Amino acid sequence: MMNFLVKTIANAGALAVAVWLLDKITLTGDGTGKKVGTLLLVALVFGLVNAVVKPLVQLLTLPLFIVTLGLFTLVVNALMLLLTSWLADKIDLSFHVEGFWTAVLGGLIISIVSWALHLVLPDAD
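Residues numbered from 1 in each chain as written. Predicted model: local features only at pLDDT ≥ 70, side-chain atom pairs only at ≥ 80, totals over all residues. Heavy atoms only, no water.

### Digging into unusual backbone geometry
Thinking step 1. Of note, the phi angle at Leu69 is positive, near 55°, even though the residue is not glycine.
Thinking step 2. Residue position: Leu69 is located in the loop between helix H3 (62-67) and helix H4 (72-90).
Thinking step 3. By relative accessible area, which is 79% here, Leu69 ends up exposed.
Thinking step 4. In the Ramachandran plot, Asp92 falls in the positive-phi region, its phi being about 65° despite a non-glycine side chain.
Thinking step 5. With respect to the helices, strands and loops of the structure, Asp92 is situated in the loop between H4 and strand E2 (95-97).
Thinking step 6. On the basis of relative accessibility, which here comes to 72%, the residue Asp92 falls in the exposed class. (Helix = DSSP H or I, 4+ residues; strand = E, 2+ residues; numbered from the N terminus. Buried < 20%, exposed > 50% of the residue type's maximum accessible area, 1.4 Å probe, protein only.)

### As for the side chain of Lys54
Thinking step 1. One can find Lys54 in helix H2 (residues 31-60).
Thinking step 2. Looking at Lys54, its side chain comes within polar contact range of the side chain of Asn77, at 2.7 Å.
Thinking step 3. Excluding residues within four positions of it along the chain, Lys54 makes contact with Val49, Val76, Asn77 and Met80. (Polar contact = N/O pair within 3.5 Å; in protein donor to acceptor, adjacent residues only side chain to side chain. Contact = heavy atoms within 4.5 Å.)

### A look at a nonpolar patch on the surface
Thinking step 1. Taken together, the side chains of Met2, Leu5, Ile9, Val36 and Leu40 define a hydrophobic patch exposed on the protein surface, amounting to about 430 Å² of accessible area.
Thinking step 2. Among the elements that take part in the nonpolar patch, helix H1 (residues 2-21) stands out by supplying three residues, more than any other.
Thinking step 3. Positionally, Val36 belongs in helix H2.
Thinking step 4. Residue class for Val36 comes out partly exposed when judged on its relative accessible area of 44%. (Patch = residues over 30% accessible without salt bridge, like charges linked within 9 Å, V, L, I, M, F, W, Y side chains within 5 Å. Areas by Shrake-Rupley, 256 points an atom, 1.4 Å probe, with all protein chains shown as cover. Salt bridge = Lys/Arg side-chain N within 4 Å of Asp/Glu carboxyl O.)

### Points about H2
Thinking step 1. The first and last C-alpha atoms of H2 sit 42 Å apart over 30 residues, in line with the 44 Å expected at 1.5 Å per residue.
Thinking step 2. Of all the bends in H2, the greatest, near 40°, is centred on Val53, and the proline Pro55 appears no more than four residues after it.
Thinking step 3. Along H2, the residues classified as buried are Thr38, Leu39, Val42, Ala43, Val45, Phe46, Val49, Lys54 and Val57.
Thinking step 4. Against H1, strand E1 (25-27), H4, E2 and helix H5 (100-120) lie the buried residues of H2. (Expected span 1.5 Å × (residues − 1). Bend = angle between axes of the 7 residues up to and from the residue.)

Shown next, in the form of structure tokens:
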């Protein structure tokens, strides 16, 4: 349970950095408390998408991973971010990613920041 909480906080931090750096990834809301709550809920959705959908997509696109020497990971990460944005819209969370190339850059930022946060945050394994 602690590991799940740490990963969710790391995802929320990484999403916050992407929202801060990129104008076309938006998180709207009234006040900081509502934005933090929305960010945590979006991080949960993002974690679920990465846990459920991403392995299936990676398996189905395995030849592309091999041919591109792993660079197709950027496309898969972008698609997961776009899926998270779409799901957030469906459950009325104020998180939006505008466009594929914004999602590629956002996915790259989120990957780097969450990797760095996982190094710093405690792991309960």
